[in-house]
Amino acid sequence: MRPAGRLRAVDEQMRHTMLRTAVVVGAGLIGTSIALSLSAKGVTVYLSDKEPMAALTAAALGAGRAEEPPGPVDLAVLAVPPADIAATLADAQSRGLARAYTDVASVKAQALDAIEAAGCDTRTYLGGHPMAGGERSGPLAARADLFEGRVWALVPTPTTSAETWRTVRGLLDMCGATPLVMDPHGHDRAVALVSHTPHLVASLMAARLQHATDAEVGLSGQGVRDVTRIAGGDPKLWLEILSANAGTVADILAELAGDLADAIGALRALTAPDDDPIRATGATTLTGLLSRGCAGHGRLPQKRGAPQGTYATVSVLIGDQPGELARLFTDVGAAGVNIEDIFIDHAPGQITGLVELLVTTDAADRLRNSLRVPSTVMGH
Ligand SMILES: NC(=O)c1ccc[n+]([C@@H]2O[C@H](COP(=O)([O-])OP(=O)(O)OC[C@H]3O[C@@H](n4cnc5c(N)ncnc54)[C@H](O)[C@@H]3O)[C@@H](O)[C@H]2O)c1
Ligand SMILES: O=C(O)C(=O)C[C@]1(C(=O)O)C=C[C@@H](O)C=C1
């Protein structure tokens, strides 16, 4: 049985307050996306940024008002770079800007240490980190639906008040995000694996392309774009993020370096003549690495943090002519199936496009039968 105090704490975390007013400090990609989402739900949002043009641009996009609030707001969201969180929180609290405060920084332990060192009031602060973003910066890259269905880590201080919990839960609810409560070091270890090292690896791979010939990059398909997309992120922000989690990222990269060395050895072995037995060793090693990759990829949760197997992809070929998508949606509706997500892959000039519909696993075969499309392909 859980002690009553713990039960009460969990209960408080589950409730949430409807926000009426908010301030977003830092009107960049994440701040403006949050502000757009809140404004769309009727919250009065005030925007500020050390670059006035960023706040004005966000306001012009409909994210809120680029002005100081007339009095304390329900929640201040600090969407500034990680190293600026403590000073921004201290300044906001000293001005009595809000009744509760949260941030969105990608690293938590160092920020929390700095918050405590700066003497901030940790009762009105609850750290946060939405696991959604993009490789572009600034308000013009923002989207109101950026956090829909995404996990949002919540990292409380030992003294975070119940009222602050309820207010920040209200923010997540309005943004359509799913909370995941973590401690700061556990959070930073996890994001080293699922965000920070992948970013660095994407950058290292993308750096290989820098001096490629036009003919070589001209041949790029979706694979290289998927592997390198996040490498387009702001180097200044990513230096800050990696610096605040450097030891853990270095440990993971060292393990990766071991696998890279094995892969190089295996590939060299595969260049040996057909009758050289070393080829078989190379093939075995490489198969092992590729299979481990499939197993690791299979561990990634699907939509809304659901485990693998919750959803299945139904792939449909459609023609490049008006009304094709509308017809497909009508047919899916007629089959009584809800589309959880959709991806459309259509190269200009091709007469067909591939539409991938993400649906619950139990509905997938029914939909395939109804649309008369073949069973799913490997990797889905
Ligand atoms: N980019 C992502 O994918 C992503 C995802 C989740 C969380 N985050 C976190 O969100 C935060 C913001 O990142 P972003 O991608 O929106 O960056 P961004 O560069 O798009 O926006 C940051 C904004 O903050 C402003 N700013 C910087 N210092 C400030 C200060 N001291 N006071 C007021 N304004 C200030 C900048 O002028 C800029 O407009 C970072 O802490 C980052 O770690 C980023
Ligand atoms: O979608 C992307 O572009 C991202 O890289 C977002 C992403 C990530 O998933 O690694 C990047 C950094 C953040 O702190 C959180 C989310």
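Above this text you will find the structure in question.
A brief report on the enclosed structure follows. Everything quoted here is computed from the prediction, not taken from an experiment.

Calculation rules
Residues numbered from 1 in each chain as written. Chains lettered and ligands numbered in written order. Predicted model: local features only at pLDDT ≥ 70, side-chain atom pairs only at ≥ 80, totals over all residues. Heavy atoms only, no water. Axes fitted to C-alpha atoms, helices over the stretch in contact; angles between N-to-C directions. Helix = DSSP H or I, 4+ residues; strand = E, 2+ residues; numbered from the N terminus. Left-handed = near helix turned anticlockwise from the far one by under 90°. Contact = heavy atoms within 4.5 Å. Nonpolar A, V, L, I, M, F, W, Y, C, P; charged D, E, K, R; others polar. Near = heavy atom within 4 Å. Areas by Shrake-Rupley, 256 points an atom, 1.4 Å probe, with all protein chains shown as cover. Domains from an automatic or database assignment. Polar contact = N/O pair within 3.5 Å; in protein donor to acceptor, adjacent residues only side chain to side chain. Salt bridge = Lys/Arg side-chain N within 4 Å of Asp/Glu carboxyl O. Buried < 20%, exposed > 50% of the residue type's maximum accessible area, 1.4 Å probe, protein only.

**Here we look at the packing of helix H7 (residues 184-207) against helix H11 (residues 246-270)**
Two quantities define a packed helix pair, namely the angle between the helix axes and the distance between the axes.
Part 1: Relative orientation of the contacting elements H7 and H11 amounts to 60°, with a least axis distance of 9 Å. You can see that H7 and H11 cross each other, and the crossing is right-handed. Here Arg189, Ala192, Leu193, His196, Thr197, Leu200 and Val201 of H7 come into contact with H11, specifically with Thr248, Val249, Ile252, Leu253 and Leu256.
Part 2: The class makeup of the residues in the contact of H7 with H11 is 8 nonpolar, 3 polar and 1 charged.

**Some remarks on the site of ligand 2**
Part 1: Contacts to ligand 2 come from Ser106, His129, Pro130, Met131, Ala132, Gly133, Gly134, Glu135, Ser195, Arg229, Ile230 and Trp238.
Part 2: Contact with the protein chains removes 83% of the 370 Å² of surface that ligand 2 exposes when unbound.
Part 3: Both domains that furnish three or more residues to the shell around ligand 2 are identified here as domain 1 (4-182) and domain 2 (189-294).

**Details of the site of ligand 1**
Part 1: Lining the immediate surroundings of ligand 1 are 26 residues, of which Ile30, Asp49, Val80, Ser106 and Gly138 lie closest.
Part 2: Contacts to ligand 1 include Leu29, whose backbone N or O atom sits 2.9 Å from an oxygen atom.
Part 3: For ligand 1, an oxygen atom lies 2.7 Å from a polar atom in the backbone of Val80.
Part 4: For the shell around ligand 1, the secondary structure elements donating two or more residues are helix H2 (29-40), strand E5 (125-130) and helix H10 (235-243).
Part 5: Residues of the shell around ligand 1, tallied by class, amount to 14 nonpolar, 8 polar and 4 charged.

**What about the pattern of salt bridges?**
Part 1: Under the definition given, this model contains 13 salt bridges.
Part 2: Measuring nitrogen to oxygen at the nearest pair gives 2.6 Å for the salt bridge that ties Arg229 to Glu135. Of the two residues, Arg229 sits in the loop between helix H9 (222-228) and H10 while Glu135 sits in the loop between E5 and strand E6 (151-156), which places them 94 residues apart along the sequence.
Part 3: Residue classification places Arg229 among the partly exposed residues on the basis of a relative accessible area of 44%.
Part 4: Measuring nitrogen to oxygen at the nearest pair gives 3.1 Å for the salt bridge that ties Arg327 to Glu324. Of the two residues, Arg327 and Glu324 are both situated in helix H13 (residues 324-334); the distance of 3 residues between them amounts to about one turn of the helix.

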